[in-house]
Amino acid sequence: MNQVVFYFLSAVILVFSLLTVTSSRILRAAVYLLFVLIATAGIYFLLGYNFLAGVQLTLYAGGIIVLIIFAIMLTGSAGEKLERPSLNKFLLAILISLIGTVTSLILFFAYHSFPVIGNEIPATVKMVGASLINPGDNGYVLPFELISVLLLAAIVGAIVIAKKATR
Amino acid sequence: METLQLFKILPEKIYFQNIPYLPGFRKMVGWNLDFSTLTRNIHDSLFSFFSPGLASAAEMVIIGLCFLTFFALLGLILVYAERKVCAFFQLRLGPMRVGFWGTAQTFADFIKLLLKEPLTTKNADKFLFNLAPFIVIVASFMAVAAIPFAKGLHAVDLDIGIFFITAVSSIGVVSILLAGWSSNNKYSLIGAIRSGAQILSYEISAGLALLTIIILTGSLQLSEIIESQRTGWWIFKGHIPAIIAFVIYMIAGTAETNRGPFDIAEAESELTAGFHTEYSGIKFAFFFLAEFVNMFIVSAIAATVFFGGWMPFHIGNFTFFNHLMDFIPSVVWFFGKVSLIVFLMMWFRWTFPRLRIDQLLTLEWKYLMPISLVNFLFMAFISLEGWYF
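Draft legend 1. Structural detail: the overall build of chain A. In terms of helices and strands, chain A carries 6 helices and 0 strands. What you see in chain A, going N to C, is helices and strands ordered as α-α-α-α-α-α. In terms of overall dimensions, chain A is more spread out than a globule: its C-alpha atoms have a radius of gyration of 21 Å, far above the 15 Å expected for 167 residues. Seen through its C-alpha atoms, chain A measures out along the principal axes to roughly 50 × 50 × 30 Å. Positive and negative charge centroids in chain A, built from 9 and 5 side chains respectively, lie 19 Å apart.

Draft legend 2. Fine view of the pattern of salt bridges. Residues and elements named next belong to chain B. According to the stated counting rule, one finds 6 salt bridges over all chains in the structure shown. In this structure, the salt-bridge partner of Glu82 is Arg349, at a minimum N-O distance of 3.2 Å. Here Glu82 is found in helix H5 (residues 52–89), whereas its partner Arg349 is found in helix H17 (residues 330–351), with 267 residues between them in sequence. A salt bridge links Asp358 to Arg356, with the nearest nitrogen and oxygen atoms 3.0 Å apart. Among the residues examined, Asp358 registers a relative accessible area of 39% and is labelled partly exposed.

Draft legend 3. Region of the structure containing the packing of aromatic side chains. Residues and elements named next belong to chain B. Applying the stated criterion across every chain yields a total of 35 aromatic pairs over all chains. Seen from their ring centres, Phe89 and Phe343 are 6.4 Å apart, and the 20° between their planes marks the pair as stacked. With Phe89 in helix H5 and Phe343 in helix H17, the pair connects residues that are 254 residues apart, well separated along the chain. Look at Trp233 and Phe236: their rings are 6.0 Å apart centre to centre, the planes differ by 20°, and that puts the pair in the stacked class. A residue is classified by how much of its surface remains accessible, and Trp233, at 8% relative accessible area, is buried. Taking relative accessible area as the criterion, Phe236 reaches 48% and is therefore assigned partly exposed.

Draft legend 4. Summary view of the domain arrangement of chain A. By domain assignment, chain A separates into domain 1 (1–82) and domain 2 (124–167). Taking only C-alpha atoms, the centre of domain 1 of chain A and the centre of domain 2 of chain A are 25 Å apart.

Draft legend 5. Examining the environment of His276(B) more closely. Residue and element names in this part refer to chain B. Looking at the secondary structure, you find His276 in the loop between helix H14 (268–271) and helix H15 (281–307). Residue His276 is classed as buried on the basis of its relative accessible area of 11%. In sequence terms His276 and Asp358 are 82 residues apart; their C-alpha atoms lie 22 Å from each other. Those residues in contact with His276, other than ones at most four positions away along the chain, are Glu266, Phe284 and Phe287.

Draft legend 6. Looking closely at the interface of chain A and chain B. Each partner contributes to the interface: chain A provides 30 residues, whereas chain B provides 30 residues. Summing the contributions of chain A and of chain B, the shared interface buries around 2400 Å²; its carbon and sulfur component is 83%. When the buried surface of chain A facing chain B is broken down by residue, Met1(A), Phe70(A) and Met73(A) rank first, second and third, together holding 22% of it. Run the count over chain A and chain B and you get 0 salt bridges. The interface formed by chain A and chain B contains 2 residue pairs in polar contact (both at pLDDT 80 or more). Where the side of chain A that touches chain B is concerned, the elements lending two or more residues are helix H2 (26–47), helix H3 (50–75) and helix H5 (125–132) of chain A. Broken down by element, the residue count for the side of chain A that touches chain B peaks at 14 residues, all from H3(A).

Draft legend 7. Representation of the environment of Trp101(B) within the structure. All names here are of chain B. Its place among the elements puts Trp101 in the loop between H5 and helix H6 (105–115). Taking the C-alpha atoms as reference, Trp101 lies 9.6 Å from Lys84; in sequence the two are 17 residues apart. Residues in contact with Trp101, not counting those within four places in the same chain, are Tyr80, Lys84, Phe88, Pro95 and Met96.

Draft legend 8. Geometry of H2(A). Here H2(A) spans 32 Å end to end across 22 residues, near enough to the 32 Å set by a 1.5 Å rise per residue. Of the residues one or two after H2(A), Gly48(A) is the one with positive phi, at around 90°.

Draft legend 9. Structural view of a nonpolar patch on the surface. Residues Leu87(A), Phe90(A), Leu91(A), Ile94(A), Leu98(A), Val102(A) and Ile106(A) make up a contiguous nonpolar surface patch of roughly 690 Å² in combined accessible area. Within the fold, Leu91(A) resides in helix H4 (residues 87–111).

Draft legend 10. Just H5(B), in detail. In this model H5(B) runs 54 Å from its N-terminal to its C-terminal C-alpha over 38 residues, within 8% of the 56 Å that 1.5 Å per residue would give. Of the residues one or two after H5(B), Leu91(B) is the one with positive phi, at around 55°.

Reading guide: rules and limits
- Residues numbered from 1 in each chain as written.
- Chains lettered and ligands numbered in written order.
- Predicted model: local features only at pLDDT ≥ 70, side-chain atom pairs only at ≥ 80, totals over all residues.
- Heavy atoms only, no water.
- Helix = DSSP H or I, 4+ residues; strand = E, 2+ residues; numbered from the N terminus.
- Rg over C-alpha atoms; globule rule 2.2 N^0.38 Å.
- Lys, Arg positive; Asp, Glu negative; His and termini not counted.
- Charge placed at Lys NZ, Arg CZ, Asp CG, Glu CD.
- Salt bridge = Lys/Arg side-chain N within 4 Å of Asp/Glu carboxyl O.
- Buried < 20%, exposed > 50% of the residue type's maximum accessible area, 1.4 Å probe, protein only.
- Phe/Tyr/Trp six-rings, centres within 6.5 Å; stacked < 30°, edge-to-face > 60°.
- Domains from an automatic or database assignment.
- Contact = heavy atoms within 4.5 Å.
- Buried area = accessible area lost by both parts, 1.4 Å probe.
- Polar contact = N/O pair within 3.5 Å; in protein donor to acceptor, adjacent residues only side chain to side chain.
- Expected span 1.5 Å × (residues − 1).
- Patch = residues over 30% accessible without salt bridge, like charges linked within 9 Å, V, L, I, M, F, W, Y side chains within 5 Å.
- Areas by Shrake-Rupley, 256 points an atom, 1.4 Å probe, with all protein chains shown as cover.

Listed below in structure tokens is the structure:
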């Protein structure tokens, strides 16, 4: 059963990733990306990482995609078809992505033997929360705090930009 | 006198066996209180008939069918309730002709909607236009699946339960944006952008209000949240901050479902019907159904987190009273609470005037969000000091 679900989700991810980059309508590309992100959340659920799946759904599917759609809609050219790239650019893009894929595949198969391991460590919300505020070994309190400062800076920046100039 | 003493002395299990009157009563209570025996029986018989793979597939199909039926019935009942409540608030009778007191009216309307032609506008992006109703219905379907309806009647008990429901219902806004944009219509577009801004902002307050109670429960799992209210519901045990959180959640929840007084996304006096202006037939029915089911979801979350879900009204360790309350089945408790909260939301809709978009966003960003943040800290403080029951 798990295998069937896994292959289904992988197929969804592959097909819609391709559609995302090949679609000539930008809003459709955003919707295809939404399907890719939801299917990724499905794979996290399959692995038992429920919290990560929930974050994926809220942040990416519910947040980022809505932001992208908003941005596209506000620019006003959402309905127009993008023009096809020239043949040279097209071939160059294919070449670069092929080089990237082949390099990473060679590296993967050279250094990994792909052993199948059981899902022994359950990742509960409690564990995630505890390690986020753990200052000791395997703790992530420093990155957590740094990211919160970064987010604060982003919020302040956004407000400063959005604020009307008062003179 | 003798029976009263028995209540005090005997522990729970013996108590149930020693009810001297009504011989069939114990059996009935046992059945009503716990659906897990019923679901386990179905599970066992399926697995004894079929191979494990087939049996689990069959289980999924059965659960899916149950939810589909529930979904359709819920929509019909809520639409009827809305029309009746609206009518009574306006001193009318509402639908009266079809069936007793108009009870079959929504069925008739539903059949009419199914038979109508689903129109598509000429210059619309047809793919996105047809996709949008499905996204909205799938999002609310997934959220309903994680709600516990009664003791043992719970399809998936995820360890991130409440987080999952809020995460999944946030996908619905994508479909509203898509529907509005792909209709190729200025009213739809304005409605969609208003709705998107509104849902995104009010999600913050709703999430913070729920987190306020999560501080006390210490778990996101819905079954544990309900179990933690065995000695009393959080709205009573968490007193002041819990009541503030409930009020904030009800305001934010009403806004998230695009219902009045926050229904500027489909304000009929300015935008005809907002984002679903161009939809007709079954596709319109999907949006309509999703709106009512979302109202149910918001009420069910409020009932589960603040009022104990299916947990009967218990007061501390007051055993006699608690057992008396246990005689009312858990399904009745759950649906009773949910329908009260649904009634509250309908009450809001038909008594408050509609807000303007700037008033709406001011209310969220300048009042509700700061209040809920402060309330969150207040609850953390109370939880640290142990000042809750």
